[in-house]
Amino acid sequence: MVKERSAIFIIFGGSGDLAHRKLYPSLFRLYKSGYLKDHFAVIGTARRPWSDDYFRETVVTSLKESFKDDEKIMEDFAQHFFYQSHDVNDSEHYIALKNLAAKLDDQFDAGHNRVYYMAIAPRFFGTVAEHINSEGLKADGYNRLVIEKPFGRDLDSACELNGNISKAFPEDDIYRIDHYLGKEMIQAIPRIRANNSKFEDALNSKYVSNIQVTLAESLGVEDRGGYYETAGVLRDMVQNHIMQIIGAVASDEPEATEAKVIHRNRTALFNSLKVLSPEEVDKDFVRGQYDTDDLGEQKAYRQEDNVASDSQIETFTAGKISFDSDRWSGVPFYVRSGKRMPDKSSRIDIVFNDKVTDFGVRPNTVVTLLIEKVDGQSILINGIDYRELDQDFIELPTAESADNSREAYESLIIDILAGNRIHFTLWDELRSTWKYIDAIRQRWDSQTADFPNYISGSMGPDSSEMLLERDGNSWIWS
Ligand code: NAD
């Protein structure tokens, strides 16, 4: 049952790429499905002096790229959009925003609810949050702050950012987006575990040999070289997305589906991460940077726009993550992410060991959860679609098998409007994952890498294969 929601959205960075490519299409889907109908308005803010009409035109233009709908419905939707030019440091502008939000709240009867969305450069997050508070923008319904990644670039900067935003918003009103948590498969994992007790009972060090998480892209950095030079794949993919995927598979099954219990279990898992010593970093993590392809047709990373010709930034990493917990001690979590790999692939491979489980999972079974469906398939057992096999230990709950998949952002915005924080990242989780990542980053920053070291279209440097071979294992996706 769709429940109509009421809110005024204030989108900081309303003229930007994220807003146009992800947020407006997602809001439009919610409009078409009835979650948003009469009682909402969107204020886009950015520096440029746009009129409401011009802003609406930009919104409709970007919708036309993704939707075939009648233009009338897009125009009707766009009537809920308003523009306010704004500079993040100018207090006067926040007063103007406050007045416009109050006026639109009356006009649309929006329940005095506010969603403040930071689709803006991270260096502005703290300033904007503080101004929202000090200039009295908060209304007397709910006031929810939505923060995009990256949340800091190491533990110190994340602590500083968190200190700034938490002066203005209580933790319960902060929604830190990790869009992988909005993906259908990641959201289905807790239900798969709850509905398939044989599978759940086998998810521990007694039966699992290793777990592999792969987030591979076939593209290079494209036009994001400038950003990438400040990040690298370790910060861009491992600290957030890969860790949250591990959180979905490996945290203890919650005794209740409440956000607090789920977060408590996820935090406990991340607290049990075994932080690596410098010598362990050398042994357990490898890094790579792409070269041209074997025909010499594609640009090497160092030839991309806005990338230094001697860049030390990694575009590939593979590593072995270990936990110090009763459930997972001794089980390696092999993770891998890279650009210019042979295909786009997002998957979790759970490799069972040679013990016969008490619960029906056969020895040496590999269960693959495809985060992005491949040919309509989402779960594979030993490489075969689970629906074709005579087995009774794993099945997708019915809601997930229906073909009504939502875009990650759409699903996350529904959660924000409903006040459901399950699929967002808490500060305690971030603190532990940053601490883990910092140890690797610091070691790498103290050494010079021999880059480039893998050709475009390959599986990364050879050291990635060797990392598993050393333990008598191998990558399932190869
Ligand atoms: P963008 O550069 O396209 O847009 C930035 C927006 O901020 C623009 O609307 C710009 O006018 C506004 N802005 C810049 N300086 C300003 C100022 N002084 N005062 C007021 N407004 C100002 O960036 P983007 O790609 O949309 O990214 C926005 C945020 O989302 C960033 O934090 C980014 O890391 C994050 N993010 C983006 C994507 C994506 O797909 N684009 C994905 C994940 C996270």
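Residues numbered from 1 in each chain as written. Predicted model: local features only at pLDDT ≥ 70, side-chain atom pairs only at ≥ 80, totals over all residues. Heavy atoms only, no water.

Peer 1: Go over the side chain of T357 with me, naming the residues and quoting the values.
Peer 2: When you line up the elements, T357 lands in the loop between β12 (345-352) and β13 (366-374). We classify T357 as buried; its relative accessible area is 7%. (Helix = DSSP H or I, 4+ residues; strand = E, 2+ residues; numbered from the N terminus. Buried < 20%, exposed > 50% of the residue type's maximum accessible area, 1.4 Å probe, protein only.)

Peer 1: Outline the site of the ligand, supporting the account with residue identities and numerical values.
Peer 2: Every one of the 20 residues lining the ligand counts as a neighbour, but S15, D17, L18, R21 and I120 are closest to it. At a separation of 3.4 Å, an oxygen atom of the ligand approaches a polar backbone atom of G13. I120 places a main-chain nitrogen or oxygen 2.7 Å from an oxygen atom of the ligand. Against a free-state accessible area of 830 Å², the protein chains account for coverage of 78% of the ligand. Looking at which element gives the most residues to the shell around the ligand, the answer is helix α1 (residues 17-33), with three residues. Within the shell around the ligand, the residues separate by chemical class into nine nonpolar, five polar and six charged. (Near = heavy atom within 4 Å. Polar contact = N/O pair within 3.5 Å; in protein donor to acceptor, adjacent residues only side chain to side chain. Areas by Shrake-Rupley, 256 points an atom, 1.4 Å probe, with all protein chains shown as cover. Nonpolar A, V, L, I, M, F, W, Y, C, P; charged D, E, K, R; others polar.)

Peer 1: A description of the pairing of strand β14 (residues 377-381) should follow, citing residues and the corresponding values.
Peer 2: Where burial is concerned, most of β14 is hidden: five out of the five residues are buried. With four bridges joining them, β13 and β14 adopt antiparallel strand pairing. Bridged to L369 within β14 is I379. Linkage of β13 to β14, two consecutive antiparallel strands, is achieved through a turn of two residues, within which D375 is found at a positive phi near 50 degrees. From the end of β14 to the start of strand β15 (residues 384-385), which pair antiparallel, there are two residues, and N382 there has a positive phi angle of about 50 degrees. (Pairing = 2+ DSSP bridges.)

Peer 1: Outline the pairing of strand β2 (residues 40-46), supporting the account with residue identities and numerical values.
Peer 2: Taken across its seven residues, β2 has seven buried, putting it largely inside the fold. The alternating pattern of β2 places F40, V42, G44 and A46 on one face and A41, I43 and T45 on the opposite face, and all of these are buried. Note that strand β1 (residues 7-12) and β2 share six bridges and pair parallel. The residue bridging A7 from the neighbouring strand is F40, located in β2. The parallel pair β1 and β2, bridged by α1, forms a crossover whose chirality is right-handed. (Right-handed = clockwise from strand over helix to strand, strands pointing away.)

Peer 1: I'd like a rundown of the sheet that holds strand β11 (residues 333-338), residues and numbers included.
Peer 2: If you trace the eight strands from one edge of the open sheet to the other, you get β8-β10-β11-β7-β12-β13-β14-β15, paired in mixed fashion. Of all the strands in the sheet, just β8 (285-288) and β15 have a single pairing partner and so form its edges. Lying on the sheet, helix α10 (residues 233-250) is in contact with β7 (208-216), β8, β10 (316-321), β11, β12 and β13; it crosses β11 at an angle near 140 degrees. Across the sheet, helix α16 (residues 462-469) lies against β7, β8, β10 and β11, angled at about 10 degrees from β10, the strand it touches most. (Contact = heavy atoms within 4.5 Å. Axes fitted to C-alpha atoms, helices over the stretch in contact; angles between N-to-C directions.)

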